[in-house]
Amino acid sequence: MKGGRRFSFSALVVVGDKRGRVGVGLGKAGEVADAIRKGGEVAKTSMVTVSLKENTIPHEIVSRYCGAHVLLRPASPGTGVIAGKTVRAVLESAGVKDVLSKSLGSKNPANVVKATLHALKQLRLREQIYRSRGITIKTDRSGATPAATATA
């Protein structure tokens, strides 16, 4: 294009089923609609499953991707998603309803989203940790807290 400018658009797209599966995709194209479509396709193919404990996350976690640091903390029921817009998009798509978060360091949306996704992938439930260590969980008939016993 002689004397003109060639524009390109990029779209960062987050998709999720609100039941523990979430994906992120970056699409680039000459038109906005095409960039969003491409980003959506990439996000759908890169969906991962995250561990959730009812409506919140199982434990506190700090994650880093390049210069972006993200802190996620479980919250009591009714708290809501206390997060910035990029972290909120990922958490709500994953199905998290109660969480406290803080974005530290870089404010680059792509890196903040990737740091949030990295944090969600690192979450583990107590049962998963026990199973990986070979510990069985005994449950009481009364429904009290389970006691763990090691099996060698």
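In case you missed it, the structure is sitting above this.
Residues numbered from 1 in each chain as written. Predicted model: local features only at pLDDT ≥ 70, side-chain atom pairs only at ≥ 80, totals over all residues. Heavy atoms only, no water.

Caption draft 1: Region of the structure containing the sheet that holds strand 2 (residues 21-29). Taken in spatial order, the three strands make up an open sheet running 1-2-3, and their pairing is antiparallel. Since the sheet does not close on itself, it has two edges, and those belong to strand 1 (9-16) and strand 3 (48-49), each with one partner. With eight bridges joining them, strand 1 and strand 2 adopt antiparallel strand pairing. Across the sheet, Ser10 pairs through a bridge with Lys28, a residue of strand 2. The sheet contacts of helix 1 (residues 32-45) involve strand 1 and strand 2, and relative to strand 2 the element is tilted by about 145°. (Pairing = 2+ DSSP bridges. Helix = DSSP H or I, 4+ residues; strand = E, 2+ residues; numbered from the N terminus. Contact = heavy atoms within 4.5 Å. Axes fitted to C-alpha atoms, helices over the stretch in contact; angles between N-to-C directions.)

Caption draft 2: Quick peek at the environment of Arg64. When you line up the elements, Arg64 lands in strand 4 (residues 61-65). For Arg64, a relative accessible area of 57% translates into the label exposed. Along the sequence, Arg64 and Ala119 sit 55 residues apart, while their C-alpha atoms lie 8.0 Å from each other. If we ignore the near neighbours within four places in the chain, the residues touching Arg64 are His69, Ala115 and His118. Polar side-chain contacts of Arg64 include one of 3.3 Å to the backbone oxygen of Cys66. (Buried < 20%, exposed > 50% of the residue type's maximum accessible area, 1.4 Å probe, protein only. Polar contact = N/O pair within 3.5 Å; in protein donor to acceptor, adjacent residues only side chain to side chain.)

Caption draft 3: Structural context of helix 1. Here helix 1 contains 14 residues, and its C-alpha end-to-end distance of 20 Å stays within 8% of the 20 Å for a straight helix at 1.5 Å per residue. Of the surrounding secondary structure, the elements contacted by the buried residues of helix 1 are strand 1 and strand 2. (Expected span 1.5 Å × (residues − 1).)

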